[in-house]
Amino acid sequence: MKRIIILALALAVILGMSFSAHAKKRYVFGGGPAGGTFQVVANGIQVFEPVKTSENFSIKAQSSGGSVENLRTTNAGRVAFSTVYAGHVYLGRTGQMKNDPRKYEKVMAVGYLYGAPAQLVVRKNSGIKSTKDLEGKKVGVGNAGSGAFANCELFFTHMGVWDKIERNAMGYNDAAQAFGNEQLDAFWLFTAFPSGAVIMAAQTNDIELIDLAADANASGYFQKYPYFGKLSVPAGTYRGVEQNVPSFFDSALLVANADVPEEVVYEMMSAVWSDAGLKHMLEQKKTFKDMSIANGIKGVDPNVIPLHPGAIKFWKEKGVL
């Protein structure tokens, strides 16, 4: 009987070793708050069939507080992948995060997901033609702790008006409602257009968008923060705004910890940036309409924000690098 038990235990150990040798490595993907686009990214990649059926790895989506939290957890290796704004990657890698001099050098870019452009809404004929004209005004600056709030603080501080306005930290829809009730003179957004909040504001007010690119160019903003890209909100995007309005945007990036194996990043990218993968992401949310091979590293200067070796291999193969 002893012999049988010993043989059974030995067989169990052998089978266990065999199973372990073939067990898939699980990688955690940091998302964002429930209902937000960052969480859609994590969930969408987790459930995509070629990722689910990979013999080499599996993805587990995990909610988070958003971009800054993802930067820190990815750098620490607590999550392998996440979504982080390019600006936070840059500031984190160079030790320029607000009240945080640490350098987050283990966060590497994988690819561009979507762009979040700055938009500043005012009433037509308000006399506000530049960010500097906001001095003494009541302004919606985004939810406290959000990427919108952080980018508003960054830009308005650079422009010298952050401490000269009456700041109202609130979400976009609340800001649009307050604007409609004349409780705000202006409100800031950092999101894809068309924004439902701006559409709402334009239904009850004649609105204008401020040319933020003009302010950024004149003040050296692009030189100080080279990760921002330039774009225009097209004419007709919002009722009554009949001309292109130049602005700037930050890129939401898929990032990876530097220690994730090159072959894992490459395999995941090959699935997500395939025709089927891009179609799948667009089905998750229309925000991903600009996600493509051609836009693979849009808004990402590899000299400023290093690419993961797996991403370098993939984008070279696709002719992007």
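The structure we're discussing is the one just above.
Let me begin by describing the structure that accompanies this report. Being a predicted model, the structure only gives us computed values, none of them experimental.

Section: the pattern of salt bridges
For the coordinates displayed, the defined rule picks out six salt bridges. Among the ionic pairs, Asp100 bridges to Arg72, the shortest N-O distance being 3.0 Å. Of the two residues, Asp100 sits in the loop between helix H5 (86-93) and strand S4 (107-123) while Arg72 sits in helix H4 (residues 67-76), which places them 28 residues apart along the sequence. The exposure class assigned to Arg72 is partly exposed, which follows from its relative accessible area of 32%. With a closest N to O distance of 3.5 Å, Arg167 and Asp163 form a salt bridge. By relative accessible area, Arg167 is classed as partly exposed at 39%. Via salt bridges that share partners, Arg72, Asp100 and Arg102 belong to a single interconnected network.

Observations regarding the packing of aromatic side chains
With the rule as written, the count across this model stands at 26 aromatic pairs. Centroid distance Tyr114 to Phe288: 5.9 Å. Interplanar angle 70°. Geometry classified as edge-to-face. Of this pair, Tyr114 sits in strand S4 while Phe288 sits in the loop between helix H12 (275-284) and helix H13 (309-317), and the two are 174 residues apart along the sequence. On the basis of relative accessibility, which here comes to 2%, the residue Phe288 falls in the buried class. For the ring pair Phe149 and Trp162, a centre distance of 5.4 Å and an interplane angle of 90° mean the geometry is edge-to-face.

Let's talk about the environment of Tyr172
Locating Tyr172 in the fold gives a position in helix H7 (residues 172-180). Residue classification places Tyr172 among the partly exposed residues on the basis of a relative accessible area of 23%. Between the C-alpha atoms of Tyr172 and Phe187, which are 15 residues apart in sequence, the distance is 8.1 Å. When residues no more than four places from it in sequence are discounted, the contact partners of Tyr172 are Ala148, Phe187, Trp188, Leu189, Phe190, Thr191 and Ala197.

A short note on the nonpolar core
If you look at the biggest cluster of nonpolar residues, it comprises 82 residues, and the most contacted ones within it are Phe81, Phe156, Trp188, Phe248 and Trp273. In terms of residue count, the dominant contributor to this core is S4 (nine residues). Apart from residues lying up to four places away in sequence, Trp273 is in contact with Val110, Gly111, Tyr112, Leu254, Leu278, Met291, Ser292, Ile293, Phe314 and Trp315. Listed in part, the 19 residues of the second largest apolar core include Phe187, Val198, Ala202 and Val233.

With respect to the side chain of Asn75
In this fold, Asn75 is placed in helix H4. For Asn75, a relative accessible area of 17% translates into the label buried. For Asn75, the contacting residues outside a window of four places in its chain are Tyr104, Glu105, Lys106, Val107 and Asn257.

Looking at unusual backbone geometry
Residues other than glycine seldom take positive phi values, yet Asn125 does so here, at roughly 65°. Tracing the backbone through its elements, the reader meets Asn125 in the loop between S4 and strand S5 (138-140).

Rules used throughout
- Residues numbered from 1 in each chain as written.
- Predicted model: local features only at pLDDT ≥ 70, side-chain atom pairs only at ≥ 80, totals over all residues.
- Heavy atoms only, no water.
- Salt bridge = Lys/Arg side-chain N within 4 Å of Asp/Glu carboxyl O.
- Helix = DSSP H or I, 4+ residues; strand = E, 2+ residues; numbered from the N terminus.
- Buried < 20%, exposed > 50% of the residue type's maximum accessible area, 1.4 Å probe, protein only.
- Phe/Tyr/Trp six-rings, centres within 6.5 Å; stacked < 30°, edge-to-face > 60°.
- Contact = heavy atoms within 4.5 Å.
- Core = buried A, V, L, I, M, F, W, Y, C linked by side-chain atoms within 4.5 Å.

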